[in-house]
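# A look at the structure
Here is how the chains run, residue by residue.
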Amino acid sequence: MDNQTDVCVNGSKPKSHGCLIGFLITLAVIILHIAAIPVLLEIVDHIPRTKDTRTNGQYVVELQATSSPDWPFGSQDGRIVLKDNNNKKISSVDFSLSNDGKAMCESNWKVNWNEESVIVTIMGEEQKDAIYTLYYNGDVSG
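This write-up is about the structure you can find in this document. Within each chain, residue numbers correspond to sequence positions counted from 1 in written order. With pLDDT at 70 or above as the cut-off, local features in this predicted model cover only qualifying residues; side-chain atom pairs require 80 or more to be listed or tallied, and sums for whole chains, interfaces and linings still use all residues. Each side-chain value is worked out from all heavy atoms of the structure, with water and hydrogens disregarded.

## A closer look at the overall build of the protein chain
Scanning the protein chain from N- to C-terminus turns up 1 helix and 8 strands. Its helices and strands taken in sequence order, the protein chain reads α-β-β-β-β-β-β-β-β from the N to the C terminus. Each residue is assigned to one of three classes by its accessible area relative to the maximum for its type, calculated with a 1.4 Å probe on protein chains only: buried under 20%, partly exposed between the two thresholds, exposed over 50%. Looking at the protein chain as a whole, 27% of its 142 residues are labelled buried. The contacts in the protein chain between residues at least 6 apart in sequence include a share of 37% that link residues at least 24 apart. Strands here mean DSSP runs of E at least two residues long; helices mean DSSP runs of H or I at least four residues long; both are numbered from the N terminus. Contacts are assigned to residue pairs with any non-hydrogen atoms lying within 4.5 Å of each other.

Okay, structure coming up:
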């Protein structure tokens, strides 16, 4: 009986089983982490990131990227947000920018302030200009 190292004594598990269980647990944790990476990247990719801000003193309009450009030369999702000078959101509108796979930046929009609204023009290399009107009362057209 001394020659058998894997024999259970008094109901205890052999040492090799403990190592195997530890290895399998470690392997499962590694696989779960690898599987979670695409999910986490998708969540992080849709967090709005402000690219530019314009103000007229009473109102603020923000250009936000809500995703990364689709690979390799695809469009990018964005949002225009109108806020008052207390940073309270009045309205927003989502859009898609076709800009040859380039990331959205301050040169992709033009802002014109009016008495009752702000007119935002979104410009991309692979699209016609998209015009959105955000009214100070919360209405949106475009």
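That shown, we press on.
## A closer look at the nonpolar core
Remark: nonpolar core denotes a set of buried residues (Ala, Val, Leu, Ile, Met, Phe, Trp, Tyr, Cys) joined through side-chain atoms within 4.5 Å. Grouped together as the largest cluster of nonpolar side chains are 19 residues, with contacts concentrated most on Ile80, Phe95, Val118, Val120, Ile122, Tyr132 and Leu134. Among the secondary structure elements, those contributing two or more residues to this core are strand 2 (59-65), strand 3 (76-84), strand 4 (89-97), strand 5 (109-113), strand 6 (117-122) and strand 7 (130-135). Considering every element that reaches this core, the biggest residue donor is strand 2, with 4 residues. Apart from the residues within four sequence positions on either side, tyrosine 132 is in contact with Ile80, Val93, Asp94, Phe95, Val118, Ile119, Val120, Ile122, Ser141 and Gly142.

## Quick word on unusual backbone geometry
The omega angle of the peptide bond from tryptophan 71 to proline 72 is 0 degrees, so this bond is cis rather than trans. One non-glycine residue, asparagine 87, lies in the positive phi region at around 70 degrees. Position of asparagine 87 among the secondary structure elements: in the loop between strand 3 and strand 4.

## Concerning the sheet that holds strand 5
The pairing criterion is simple: DSSP has to find at least two bridges between the two strands. Read across the open sheet, the 4 strands follow the order 5-6-7-8; overall the sheet is antiparallel. Each end of this open sheet is capped by a strand with a single partner; those strands are strand 5 and strand 8 (140-141). Examined bridge by bridge, strand 6 and strand 7 share 6 bridges and lie antiparallel to one another. Bridge assignment links threonine 121 to a residue of strand 7, and that residue is isoleucine 131.

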